[in-house]
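# Architecture and fold: a report
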Amino acid sequence: WRMQGNFLSGAGIYNNDLVAFHCSNHAEDNQIIFCRYNQEAYVRRLKKEGADYVLTGEDPHCQPIRVTPSQQSQFIIEAVAVGIIRTNFKSQVD
């Protein structure tokens, strides 16, 4: 998956980096996942807060997405990140 944006720059994943995933429909708290929610695809960090899931970025401009139990039928974890391939070695802070 090629990242689009710097939503996970705090985790060292930048725009245009390639993220390798392991297909899985289960993820642990705090893992970076590929998921679908409301027919949109996301790469975000998964936080579990009680019965809710919260999809967070690691960029101050990225608003968290809260998935409540009543919305979880629209939420599908498809994969867990296992590595990255950096595509741009110059300074990532632009």
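Our subject is the structure that appears above.
Notes on the structure follow. Source: prediction; values computed, not measured.

Within this structure, the stated rule accounts for 5 salt bridges. A salt bridge links arginine 86 to aspartate 17; the nearest nitrogen and oxygen atoms lie 2.3 Å apart. In this pair, arginine 86 is assigned in the segment after strand E6 (75–85) and aspartate 17 in the segment before strand E1 (18–23), connecting sequence segments 69 residues apart. Arginine 86 gets classed as partly exposed once you look at its relative accessible area, which sits at 25%. Exposure remark for aspartate 17: the relative accessible area of 0% places this residue in the buried category. A salt bridge links arginine 66 to aspartate 52; the shortest N-O distance between them is 3.0 Å.

Pairing between the strands of a sheet comes from backbone hydrogen bonds, and it takes one of two forms, parallel or antiparallel. Spatially, the 6 strands line up as an open sheet ordered E1-E6-E2-E3-E4-E5, and their pairing is antiparallel. The sheet is open, and its two edges are formed by E1 and strand E5 (65–67), each paired on a single side. Strand-to-strand twist across the sheet, computed as the mean angle between neighbouring axes with direction ignored, equals 45 degrees. Across 3 bridges, the pairing between strand E4 (residues 52–56) and E5 is antiparallel. Within E5, the position partnered with valine 54 by the bridge is arginine 66.

Turning our eyes to something else, we now look at the nonpolar core. Buried together is how nonpolar side chains tend to be arranged in soluble globular proteins. Judged by nonpolar contacts, Ala27, Ile33, Cys35, Tyr37, Tyr42, Leu46, Leu55, Ile65, Val67, Phe75, Ile77 and Val80 together constitute the single largest core of 12 residues. Among the elements of the structure, strand E2 (32–37), strand E3 (40–49), E5 and E6 are those that each provide at least two residues to this core. When neighbours within four sequence positions are excluded, isoleucine 65 is seen to be in contact with Tyr37, Tyr42, Tyr53, Val54 and Leu55. Counting 8 residues, the second-largest nonpolar core is a separate cluster that includes Ile13, Phe34, Val43 and Ala79.

Rules and cut-offs
- Residues numbered from 1 in each chain as written.
- Predicted model: local features only at pLDDT ≥ 70, side-chain atom pairs only at ≥ 80, totals over all residues.
- Heavy atoms only, no water.
- Salt bridge = Lys/Arg side-chain N within 4 Å of Asp/Glu carboxyl O.
- Helix = DSSP H or I, 4+ residues; strand = E, 2+ residues; numbered from the N terminus.
- Buried < 20%, exposed > 50% of the residue type's maximum accessible area, 1.4 Å probe, protein only.
- Pairing = 2+ DSSP bridges.
- Axes fitted to C-alpha atoms, helices over the stretch in contact; angles between N-to-C directions.
- Core = buried A, V, L, I, M, F, W, Y, C linked by side-chain atoms within 4.5 Å.
- Contact = heavy atoms within 4.5 Å.

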